[in-house]
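Here are the chains, one letter per residue:
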Number of protein chains: 2
Amino acid sequence: MAPRFTVTYYVRAADADEAKARALDIALEQTVEIPRGAVPKGYVEDEILGKLEDLKPDPAGRPGFLASISYSDDDVGGDFLQLLNVIFGNSSIKPGLKVEDIGLSPGILGLCTGPRHGIAGLRARAGVGEGPLLMSAIKPVGLSTSELASRAHDFALGGMHFVKDDHGLVDQVTSPFAERLKACIEAVGEANAKTGGRTSFVPNVTGPASAVLDRAKEAQAAGAGAVMLAPALTGYDVVRTLAADPDFTLPIVSHPAFSGANVVSADCGFSHRSFFGTLHRLMGADAVIYPNFGGRFGFTREECLSIARACAADMRGPKAIVAAPGGGMTFERVPEMREAYGNDVMYLIGGALLQQPNLVDACRRLVAAVHS
Amino acid sequence: MAPRFTVTYYVRAADADEAKARALDIALEQTVEIPRGAVPKGYVEDEILGKLEDLKPDPAGRPGFLASISYSDDDVGGDFLQLLNVIFGNSSIKPGLKVEDIGLSPGILGLCTGPRHGIAGLRARAGVGEGPLLMSAIKPVGLSTSELASRAHDFALGGMHFVKDDHGLVDQVTSPFAERLKACIEAVGEANAKTGGRTSFVPNVTGPASAVLDRAKEAQAAGAGAVMLAPALTGYDVVRTLAADPDFTLPIVSHPAFSGANVVSADCGFSHRSFFGTLHRLMGADAVIYPNFGGRFGFTREECLSIARACAADMRGPKAIVAAPGGGMTFERVPEMREAYGNDVMYLIGGALLQQPNLVDACRRLVAAVHS
């Protein structure tokens, strides 16, 4: 028998019988996808078919059960997309099911070598020993390259550790990718020369499927300090491929664009921790952006902290990464954020700084408040 | 001013004031992602910022409103992933919002040339003039290549028009991709030689981001009749890139694996028609697999028929494609399906055939029932 890994699902059900029937359906659906009576005896039934390992009432009190189902490493076939498919491919389409937790196995850990840098690597790059990391975004779409580069310069001059593209900045005529990349790296470099700081510019990498990997390498060659990708758009293997590529050495920041349906419903998708934590670490993201609580999105404090814990938990292999809550961060909320997240966090703050009369001063005040 | 396209959202709200506030937030969130007061005057405000064009109570009676918001073609920047990001990137993370309909524009139609073949091309390939198309899947994972190829042969001998890999078949040791591809194309070819038929083999294309496009071309070179991809896993631009590549000429069948959260919740994601219909046509899929009503998934009859209508509606450019409902199709349901879908449909049927004592006979009876 090959090693197995276990996925725990929330299964909405009125009683244990219904929950068991639904769980046994998941075990079929995610593996052989034929009626149980048609499953070939021997290897397919013994090894490939999912096995219901445990079923218990939901400890969180939702109307249902937690079902733990094990799958064979053989079923994954060394393919990361197939791992995701085994975890939740067809079952994603059945309402009242959620992936709560994803267990590991030798096969998964061999396939997913994880982030190259992790939070420790990001700290080293930024020269920040212990306190929170800070990231800002140049925006909005529609500004010229020189206007965006000027904002990048000021964020860096103000002491932000990472300055990223807004995730909507692609290759628009107002600021083509290659032009913006060069201008922003130069602008951040000029600011670093003045401050002695080590701010990194983080371009948004997107584009045709045939170009996205090359564009990440173009960013590296140009002197970017990291890249940002939205895995729900580019495809989940793009991050894994880059993180495992010996010729690509930059940290990867993941953006949650287009992934919302995977987490916001109580009735489908993933738990916050398994999606933004476990899955992104397996993928190889070094920092994971998600909407902070108390901002303009609806994540709760506990959901956000569960992501941060999953970013840091021991996974027997993949490095700890940094949770990067964004959206709705303000000066006033710094004490509340420090109390919630402690030091191992990267704050993404943009809009609140851009509303201040002097951007450089605003950044400096923020750095001081966060690191005091 | 550049041309604009309009996206219509369902916005959950208690009253018109709340709906308007939420809609104006979408217009910001999807474009400039900064507070309204910080939006630069001129081009950014006039052109890039989303515009609320219409707001009305939901005609379907849900507790909310329909908000139509227009976006500039300039914001898309010729990038398909950015188009998806403008449509629903960050707003996907806000509960109580759904993309109902996606409007078109010259920019979208220029970027998305659409499916190469469409339903007419699939019919021509299969030699089926008017009736429904039939597709089966070889499965389960864990069988050897020769066992799977034998099933492919029998499906073809029985007259199924398309025989595809199960979407869980990747590169497992029991049946490596290249070996299975060759064996199944040969097996289907042998059956075609016996029947004079034109059955196509449709391999499942997945793998590392650096290999997936090449694997599709490997399938073409080996003599496959189409390829299947799961865009929610591979990334949405992979289908578009292949459909637009002059060196790739096969039809593309899309599989819904991992996409479920985008449609199953009433509270987030997309309407069935906009996701499986409009979006897949813009992407360039020729056939779109989705779970049929009355099977083991929860789509309603009306949701399924809305997908079929969106596959066929006039889009002023992208060809009509074929809806491929799967899951739960049985002999007994043929009359019900014919009444619902008419002729322009591709039935995906597998498990029910594999449970019959003689697979070839079962296929022949199905073909006769569907085409009588």
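Since this is a predicted model, take the numbers as computed values, not measurements.

Peer 1: Sorry, what's going on with the environment of Val170 of chain B here?
Peer 2: By the secondary structure assignment, Val170 of chain B is in the loop between strand 6 (162-165) and helix 8 (177-195). In this structure, Val170 of chain B is in contact with Val76, Gly77, Asp79 and Gln82 of chain A together with Ser175, Pro176, Phe177, Arg180, Asn204 and Thr206 of chain B, ignoring residues within four places of it in sequence.

Peer 1: Could you clarify how one ought to interpret the interface of chain A and chain B in this entry?
Peer 2: Note: interface size is frequently given as the accessible area lost on complex formation between the parts. Every contact between the two is made by 74 residues of chain A and, on the other side, 74 residues of chain B. Of the roughly 6100 Å² buried where chain A meets chain B, counting both sides, 65% is carbon and sulfur surface. Looking only at chain A, the three residues that lose the most surface to chain B are Ile93, Leu233 and Phe258 of chain A, adding up to 12% of its buried area. Seen at the junction of chain A and chain B, the total is two salt bridges. We note a salt bridge from Lys139 of chain B to Glu33 of chain A, for which the minimum N-O separation is 3.9 Å. Between chain A and chain B we count 24 residue pairs in polar contact (both at pLDDT 80 or more) in total. When contributions to the side of chain A that touches chain B are tallied by element, the ones reaching two or more residues are helix 2 (43-48), helix 3 (73-76), helix 4 (80-88), helix 9 (212-222), helix 10 (231-234), helix 11 (236-244) and helix 15 (351-354) of chain A. Here the residues of the side of chain A that touches chain B are counted per class, giving 35 nonpolar, 26 polar and 13 charged.

Peer 1: Help me understand the sheet that holds strand 3 (residues 64-72) of chain B in this model?
Peer 2: Residue and element names in this part refer to chain B. What the four strands build is an open sheet, ordered 2-3-1-4; its pairing is antiparallel. The open sheet is flanked by strand 2 (51-57) and strand 4 (97-102), the only strands paired with a single partner. Direction aside, the axes of adjacent strands within the sheet are offset by 25° on average. In this sheet, strand 3 lies alongside strand 1 (residues 4-12) in antiparallel orientation, the contact comprising nine bridges. Within the sheet, the bridge partner assigned to Phe5 lies in strand 3 and is Tyr71.

Peer 1: Can you walk me through the sheet that holds strand 1 (residues 4-12) of chain A in this structure?
Peer 2: All names here are of chain A. Ordered by their spatial adjacency, four strands build an open sheet running 2-3-1-4, and the pairing between neighbours is antiparallel. If you trace the sheet from one side to the other, it starts and ends with strand 2 (51-57) and strand 4 (97-102), each paired once. Shown here is a sheet whose adjacent strand axes are inclined to one another by a mean of 25°, direction ignored. Relative to strand 3 (residues 64-72), strand 2 runs antiparallel, the two sharing six bridges.

Peer 1: Explain the relation of the copies chain A and chain B to me, please; I cannot follow it from the model alone.
Peer 2: Mapping between the two copies of the chain is achieved by a rotation about an axis and a shift along the axis. It takes a turn of 180° to lay chain A on chain B, together with a shift of 0.0 Å along the axis; the resulting RMSD is 0.0 Å. Expressed as an axis order, the relation between the two copies is that of a two-fold axis. Closest approach to the rotation axis among the C-alpha atoms of chain A is made by Gly235 of chain A, whose C-alpha sits 1.7 Å away. Most of the interface of chain A is mirrored in chain B, where 100% of its interface residues are also at the interface.

Peer 1: What exactly am I supposed to notice about unusual backbone geometry here?
Peer 2: Backbone geometry follows two general trends: most residues other than glycine have a negative phi, and most peptide bonds adopt the trans configuration. Of the consecutive residues Lys139 of chain A and Pro140 of chain A, the connecting peptide bond is found in the cis state with omega at 0°. On the secondary structure map, Pro140 of chain A appears in the loop between strand 5 (133-138) and helix 7 (145-157). In the Ramachandran plot, Phe258 of chain A falls in the positive-phi region, its phi being about 70° despite a non-glycine side chain. Among the residues examined, Phe258 of chain A registers a relative accessible area of 3% and is labelled buried. Phi at Arg316 of chain B is positive, roughly 55°, even though this residue is not glycine. As for its placement among the helices and strands, Arg316 of chain B is situated in the loop between helix 13 (301-312) and strand 11 (322-326).

Peer 1: In this structure, what is going on with the side chain of Ser274 of chain B? I would like to understand it.
Peer 2: All names here are of chain B. Considering the arrangement of structural elements, one finds Ser274 in helix 12 (residues 272-283). Given the relative accessible area of 0%, Ser274 is considered buried. In this structure the side chain of Ser274 is engaged in a polar contact, spanning 3.3 Å, whose partner is the backbone oxygen of Val99. Beyond its immediate stretch of four places on either side in the chain, Ser274 contacts Val99, Glu100, Asp101, Ile102 and Leu279.

What counts as what
- Residues numbered from 1 in each chain as written.
- Chains lettered and ligands numbered in written order.
- Predicted model: local features only at pLDDT ≥ 70, side-chain atom pairs only at ≥ 80, totals over all residues.
- Heavy atoms only, no water.
- Helix = DSSP H or I, 4+ residues; strand = E, 2+ residues; numbered from the N terminus.
- Contact = heavy atoms within 4.5 Å.
- Buried area = accessible area lost by both parts, 1.4 Å probe.
- Salt bridge = Lys/Arg side-chain N within 4 Å of Asp/Glu carboxyl O.
- Polar contact = N/O pair within 3.5 Å; in protein donor to acceptor, adjacent residues only side chain to side chain.
- Nonpolar A, V, L, I, M, F, W, Y, C, P; charged D, E, K, R; others polar.
- Pairing = 2+ DSSP bridges.
- Axes fitted to C-alpha atoms, helices over the stretch in contact; angles between N-to-C directions.
- Least-squares fit on C-alpha atoms with pLDDT ≥ 70 in both.
- Buried < 20%, exposed > 50% of the residue type's maximum accessible area, 1.4 Å probe, protein only.

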